[in-house]
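Per-entry structural report
Residues per chain are reported as follows:
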Amino acid sequence: MRTTPREPSPRRYLLCPPTHFEVTYSINPWMDPTKPVDLPLALAQWEDLRDRYRALGHTVELLDALPGLPDMVYAANGATVVGGRVLGARFAYPERSAEAAAHLDWFRRNGYADADVRVPEHVNEGEGDFAVTASWILAGQGFRSSPLSHHEAQEFFGRPVIGLELVDPRYYHLDTALCVLDDVHDEIMYFPDAFSPGSRAVLQRLFPDALLVSAGDAAVLGLNAVSDGRHVLLPQAAVGLFEPLRARGFEPIGMDLGELLKGGGSVKCCTQELRAE
C-alpha cells in the first residue's frame, strides 16, 4: 500500500447539466417522487463539481441535456470509453433508453470514428457498471447490466473483464459500491457487503490492499467518487473515508451533491471519463 504523496494525471470528463432534472418515477431505492427537487440548488451543486474539475487541471466536455430525460445528468451511464473506443449504453429501463443515442451522437460529432463507436447488443449502463483499472475492467451485474455485456466489452476493448455480482439493491450499480482510486497501480476501495461471497473473494484476491469501506460511508454513496490518482472527489457526508484516504497519500475533496442524490447518484454518476489510453 502506497502512503507517499501522489501525482495526479490530467483527465478528460464528459458532464451533462441537470437542466431537466427531476424525480418523477422510481427505478432505484434512492428515488422518491414525493420528495421535490430544488432544481436551482441541483444546478449550483453540479456547477461546483464542474468548476472543481477545471480548477484541478482537468478538461470538462459538456453534453446537452434533453427535455424529457431527467436522468441525463448521470452522464457516467451513457457509455464507456477506453483507448479512444466507445462502447455505448443500452439501458435496462425504458425511462432512460433515449439517453443512449444522445451520448453516441455526441461522440460522433466530436471526432470519434464510426469504427470506434459501438452500439451494444446487450444491456449495460456504461460506467455505472464498468470500472477501468490498469489490469482489468471490473463489471457489475445483478440489477442493471447483463452478464452478456461483459463478454461484449472484453471483445470490443481487448481487455480482461472481471464480473462482479451485486446483491444489495441500494448499490444497484458498481459505481455505488466500488471506486478506482489509482488506475495505474490497480488500487480501489469498495464496500464488501454489496457483493456476493464469490465476488468478495475475487476482489480480495485481485486487490488484497484495497481500502474497505464501512456501511455508514457506503450508505451516503461515499464510493460514488472520482479519483485522478491523487485527488478524490467524493460525497462530503462520507466522513469516515477522509483520513484513510489521506493515510494512503490521496487528497480527499468533499462535494455536496445532495440534490442529485435524490436520483440515486453523486460525483461518479455525474462524470464519464473519456480515456484516450
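Everything discussed here concerns the structure shown above.
These lines cover the structure that appears in this document, whether it is placed above or below. (Residues numbered from 1 in each chain as written. Predicted model: local features only at pLDDT ≥ 70, side-chain atom pairs only at ≥ 80, totals over all residues. Heavy atoms only, no water.)

1. Digging into unusual backbone geometry
Here is the rule: Under the DSSP-based scheme used, a helix requires at least four consecutive residues in state H or I and a strand at least two consecutive residues in state E, with every element numbered from the N terminus. When a residue's accessible area, from a 1.4 Å probe over protein chains only, is under 20% of the maximum for its type it is buried; when over 50% it is exposed; and in between it is partly exposed.
The phi dihedral of Asp186 is positive, around 55 degrees, even though this residue is not glycine. Looking at where Asp186 falls in the secondary structure, it is placed in the loop between strand E9 (178-182) and strand E10 (187-190). When its relative accessible area of 18% is taken as the criterion, Asp186 is described as buried. At Leu221, a position not held by glycine, the phi torsion is positive, near 60 degrees. Counting through the fold element by element, Leu221 comes out in the loop between helix H5 (215-219) and strand E12 (226-227).

2. Considerations on the packing of aromatic side chains
Each pair of aromatic rings is reported with the distance of its centres and the angle of its planes. What counts is decided by this rule: Any Phe, Tyr or Trp ring, taking Trp's six-membered ring, that has another such ring centre within 6.5 Å forms a pair; planes under 30 degrees apart are called stacked, those over 60 apart edge-to-face, and the others tilted.
By the definition in use, this model includes eight aromatic pairs. Ring geometry for Trp136 versus Phe207: centroids 5.5 Å apart, planes at 80 degrees, classification edge-to-face. Remark: Phe207 occurs in the loop between helix H4 (197-206) and strand E11 (211-212) and Trp136 occurs in the loop between strand E6 (130-132) and strand E7 (137-141); sequence separation between them is 71 residues. When its relative accessible area of 19% is taken as the criterion, Trp136 is described as buried. Under the relative-accessibility criterion, Phe207 is labelled buried at 3%. Taken together, a centroid distance of 5.1 Å and an interplanar angle of 65 degrees make the contact between Phe156 and Phe157 edge-to-face.

3. Details of the sheet that holds E7
So the rule is basically this: A pair of strands is considered paired only if DSSP assigns at least 2 bridges between the two. As a rule, the C-alpha atoms of each element are fitted with a line to give its axis, helices using only the stretch in contact, and angles between N-to-C directions run from 0 to 180 degrees.
Read from one edge to the other, the open sheet built from three strands follows the order E6-E7-E8, with strand pairing classed as mixed. Two strands bound the open sheet, and with one partner strand each, they are E6 and strand E8 (161-165). The average undirected angle you get between the axes of adjacent strands in this sheet is 25 degrees. Sheet topology places E7 next to E8; five bridges connect them, and they run parallel. Counterpart to Ile137 in the pairing with E8 is Val161.

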